[in-house]
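If you want the building blocks of each chain, they are given just below.
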Amino acid sequence: MEILTYIAAPLLNPFWLAMVALGVFMGIYIGAIPGLSATMAVSLLVSFTYGWSTNTALALMVGIYCGVVYGGSRSAILLNIPGAPAAVATALDGYPLAKKGMAGKAIGITTVASVIGGFVGVLFLAVFAPLVSSFAIKFSPRDYLLLAFMGLMMVGSLGGRSISKGMLSAVLGVSLGMVGLDAMTATPRFTFGNVYLMSGINYVVAMIGLFGVSEVLTQLLDKDGKVIRQKLDRIVPDFRDVAKHLPLTIRSSVIGTVIGALPGAGGDLAALITYDQAKRTVKNPEVPFGQGAMEGLIAPESANNACIGGAFIPMLTLGIPGDSVTAILIGALTIHGLQPGPTMMSGTPDLFYYIIGALLLANVFLLIFGLTGVKIFTKIVEIPKGILLPSIIILSVIGVYSINNSLYDIFWMVGFGVLGYFMKRYEYPVAPAVLGIILASLIEKNFRRAVIMDGDIFNMLLSMVTHPISLVLILIIVFMLVSQQRKVKNFTKDIEDKNVYEAEVNTGDPEDTEAPFAEAKGVFWEADVPEKTESRKSASGR
Amino acid sequence: MERKLRPGEKGFALVLLALGIFITYMSVGMYRESPTLQGYGTIPLICGAMMIAFSGFIFLDGFRYKSENKGRNVVEQLKAVLKHLFPVDVLVIFAFIVIYCALMALGVPFVAASPVFLWCSMMYLRKRQPLRNVIYTVLVMAFIILVFHVGFHVVLP
């Protein structure tokens, strides 16, 4: 009964309810605008919601998160430009459907699939998070150290094409997190006598710079991208269509949730894997994949929304983010005086179930907003980058200034923006750097505790292989390291290449299918296009 | 087709390598002051060493690929790097951002500096219709002030 009260809290409080609704509404539009990601939106929100109550801030952030992940599909269907990386697979069949004058039907079925996926993800979160959490109470500092390392490694290696670049980015983040006074001895580190640096680098400033400003600079490289407007008809889907595809929706949602629960594996990976899985398992689609198959929309869309619930599992139970957005949410909760992890479940169960309630509500609002207001939507997503990008800079400036009311922070944000831009130009993922800054204190604290508890480094290393939990974690890390480097990377690359290639063959229009990938991966892919085409040719040869 | 390194890609790895060496050098000093594993220099030292290892690997790995800069002299290479990193649009907007921040640091209020930045950026990026850009600027500013300042009570610079 108590749990139900906690879950119903966002529903019973009109203000929290309104915040979830506002978040979903804004999220759909933010997600649909190419270049505005969930990570950027949530990182900006962290600064604006600094002084708010935890529940209000969470209501808005959860709403935005759900809205953005879904919103990416809108522009993928209508413009052939995924608003978010998680919608890359959606464009493959969504855009061909739109070209056939069935954009409304595509949006309708996508909305329902997303909502079902969202509900499945939340169900898994509600059932499995308490189990994981009760087990995680047995973790020692040594295990937390390994978990933090695992989180960094996963985000670092799965996020980009090079594991070493991802890891370097993560280590750079941890190093930046060391700036300031040492928490135990109050000795200044890397401050160079600068008073501003004594308090350390504010990760919200770094976050907005690395995600917001750098994205604006990167988007400038492709500021003249043209959009093709599509005609929209009725979007409420036929119940028979939904019922017919329900097994695929549920299956994809479950896969999406599991992938989402893996630290570092986000909606983009889930969408690609389930798209491939749908292609293998759906024997006779009404329309071939790549030409507007409904199954090609349902599988990735249900999976990427289910990922949200999955991503919350490691975040709330272990304090390890499932993706870059949950990494920022960890930061947001820390600002509000909470430390996500096993103790959070026992200490503040109300907050855990509140998040579940907010996620459930967000999915209800997703259904409402997803099936309405499409006419206005088509206008908003066509906002020229010339207006959009300077506006993001202004928002970033306000967001950063609002943290400490300091102009210094704005200059630091610009500096991080330039660093992030350079990193993106040379294909270094920026998310691990932000995660590194956030996890730096956790890593150092648990390293010290583990060394003190075990006496010295050798005993600590020895205990890592003699204690069952530590040993399992080490084995998982080793497995991840090996599998990511070889299997998963090749697997996802093959799926990507194969899907693009087959879509090209089916549509006979390479330009249409190239766009979503170039857009989602960022403009630095420009130089990779010949390589991709070449690999596709060799794939066809196989 | 073999992947080609972008202009400056190895150089960027080298910069990170230098940063790693610097962090390690500073951390060694810290470790000497508190030479225990739980001391405040240990984790920075590990980070510095890992930065050196990863950036060194990336730098050396770069020699496996052909560079777009191959066959060019140093000046041409430098030009290619600058062109790759700072296309004109990026350079101009970045300059606008710096000027905008500098104006606020010099005491120009947000409500005065921001419309100027917005309008100038829109004029540069859209290259037409100054009056229409004025309207967009006013709309964006009105939205920001109403939503963030009035609605969310955010303190503006």
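Residues numbered from 1 in each chain as written. Chains lettered and ligands numbered in written order. Predicted model: local features only at pLDDT ≥ 70, side-chain atom pairs only at ≥ 80, totals over all residues.

What about the overall build of chain A?
Each helix and strand counted, chain A has 25 helices and two strands in total. Considering only intrachain contacts with a sequence separation of at least 6, the fraction spanning at least 24 residues in chain A is 79%. (Helix = DSSP H or I, 4+ residues; strand = E, 2+ residues; numbered from the N terminus. Contact = placed C-beta atoms within 7 Å.)

Regarding the overall build of chain B
Regarding its fold elements, chain B presents six helices and two strands. Along chain B, from the amino end to the carboxyl end, the secondary structure elements read β-α-α-β-α-α-α-α. Seen along its three principal axes, the alpha-carbon backbone of chain B occupies a region of about 60 × 50 × 30 Å. Sorting the 157 residues of chain B into buried and exposed places 31% on the buried side. Within chain B, contacts between residues separated by at least 24 positions form 59% of all contacts whose residues are at least 6 apart in sequence. (Buried ≥ 20, exposed ≤ 12 C-beta atoms within 10 Å, placed from the backbone.)

Overview of the environment of Glu286(A)
All names here are of chain A. Secondary-structure assignment places Glu286 in the loop between helix H13 (267-281) and helix H14 (294-318). Residue class for Glu286 comes out exposed when judged on the 10 C-beta atoms lying within 10 Å of it. Considered as a pair, Glu286 and Asp241 are 45 residues apart in the sequence and their alpha carbons are 12 Å apart.

Section: the interface of chain B and chain A
Residue-level contacts link 50 residues of chain B with 53 residues of chain A. Among the secondary structure elements, those contributing two or more residues to the side of chain B that touches chain A are helix H1 (9-33), helix H2 (42-61), helix H3 (74-85), helix H4 (88-105), helix H5 (110-126) and helix H6 (130-151) of chain B. Across the side of chain B that touches chain A, the residue classes tally to 39 nonpolar, five polar and six charged. (Nonpolar A, V, L, I, M, F, W, Y, C, P; charged D, E, K, R; others polar.)

Overview of the nonpolar core
Residue and element names in this part refer to chain A. One finds Val20, Val42, Met61, Val62, Tyr65 and Val434 to be the most contacted residues of the largest nonpolar core, which totals 207 residues. Looking at which element gives the most residues to this core, the answer is helix H6 (residues 103-136), with 16 residues. Among residues more than four places away in sequence, those in contact with Val20 are Pro10, Ala59, Val62, Gly63, Ala358, Leu361, Ala362 and Phe365. (Core = buried A, V, L, I, M, F, W, Y, C linked by C-beta atoms within 7 Å.)

With respect to the domain arrangement of chain B
The domains assigned to chain B are domain 1 (4-84) and domain 2 (88-151). Just the C-alpha atoms count here: the centres of domain 1 of chain B and domain 2 of chain B sit 36 Å apart. (Domains from an automatic or database assignment.)

A closer look at H13(A)
Residue and element names in this part refer to chain A. Between its first and last C-alpha atoms H13 spans 20 Å; for 15 residues at 1.5 Å apiece the expected length is 21 Å, and the two agree. Most of H13 sits out of view: 12 of its 15 residues are buried. Every buried residue of H13 is listed here: Gly267, Asp268, Leu269, Ala270, Ala271, Leu272, Ile273, Thr274, Tyr275, Asp276, Ala278 and Lys279. (Expected span 1.5 Å × (residues − 1).)

What to know about the confidence of the model for chain B
Chain-level statistics for chain B give a pLDDT mean of 89 and a share of 98% at 70 or above. Under the prediction, the complex receives an ipTM of 0.94, its pTM being 0.75. (pLDDT = per-residue confidence, 0-100.)

Description of H14(A)
All names here are of chain A. With 25 residues, H14 should reach 36 Å at 1.5 Å per residue; the first-to-last C-alpha distance of 37 Å fits that figure. Here H14 lies mainly inside the structure; 25 of its 25 residues are buried. Backbone geometry just downstream of H14 places Gly319 in the positive-phi region, at approximately 75 degrees.

Some remarks on the packing of H6(A) against helix H12 (residues 246-261) of chain A
Residue and element names in this part refer to chain A. Close contact between H6 and H12 brings their axes to 9 Å; oriented N to C, the two are set at 50 degrees. One element, H6, and the other, H12, form an angle in the oblique class. Where H6 crosses over H12, the handedness of that crossing is right-handed. Residues Ala113, Ile116, Gly117, Val120, Gly121 and Phe124 of H6 lie in contact with H12, whose contacting residues are Thr249, Ile250, Ser252, Ser253, Val254, Gly256, Thr257 and Gly260. Looking at the contact of H6 with H12 residue by residue, the classes come out as six nonpolar, eight polar and no charged. (Axes fitted to C-alpha atoms, helices over the stretch in contact; angles between N-to-C directions. Parallel < 35°, antiparallel > 145°, perpendicular 65-115°, else oblique. Left-handed = near helix turned anticlockwise from the far one by under 90°.)

Re the confidence of the model for chain A
Residues and elements named next belong to chain A. For chain A, per-residue confidence averages 79 on the pLDDT scale, and residues scoring 70 or more make up 81% of the total. Confidence, expressed as mean pLDDT per element, reaches its minimum in chain A at helix H25 (residues 529-541) with 36 and its maximum at helix H20 (residues 407-425) with 93. Low pLDDT (under 50) marks residues 500-542, which in the prediction has 60 contacts with non-local residues, meaning those over four places away or in another chain.

A few points about the environment of Gly8(B)
Residues and elements named next belong to chain B. Along the polypeptide, Gly8 turns up in the loop between strand E1 (4-5) and H1. In sequence terms Gly8 and His84 are 76 residues apart; their C-alpha atoms lie 8.1 Å from each other. With sequence-adjacent residues up to four places away left out, Gly8 is seen in contact with Val81, His84 and Leu85.

Structural notes on unusual backbone geometry
All names here are of chain A. Although it is not a glycine, Phe192 adopts a positive phi angle of roughly 50 degrees. Note on placement: Phe192 falls in the loop between strand E2 (188-189) and helix H9 (195-198). Take Phe192: there are 8 C-beta atoms within 10 Å of it, and that puts it in the exposed class. Positioned with a positive phi, Asn405 is a non-glycine residue whose angle comes to about 55 degrees. Examined against the element boundaries, Asn405 turns out to sit in the loop between helix H19 (385-404) and H20. Taking the C-beta count within 10 Å as the criterion, Asn405 has 10 such neighbours and is therefore assigned exposed.

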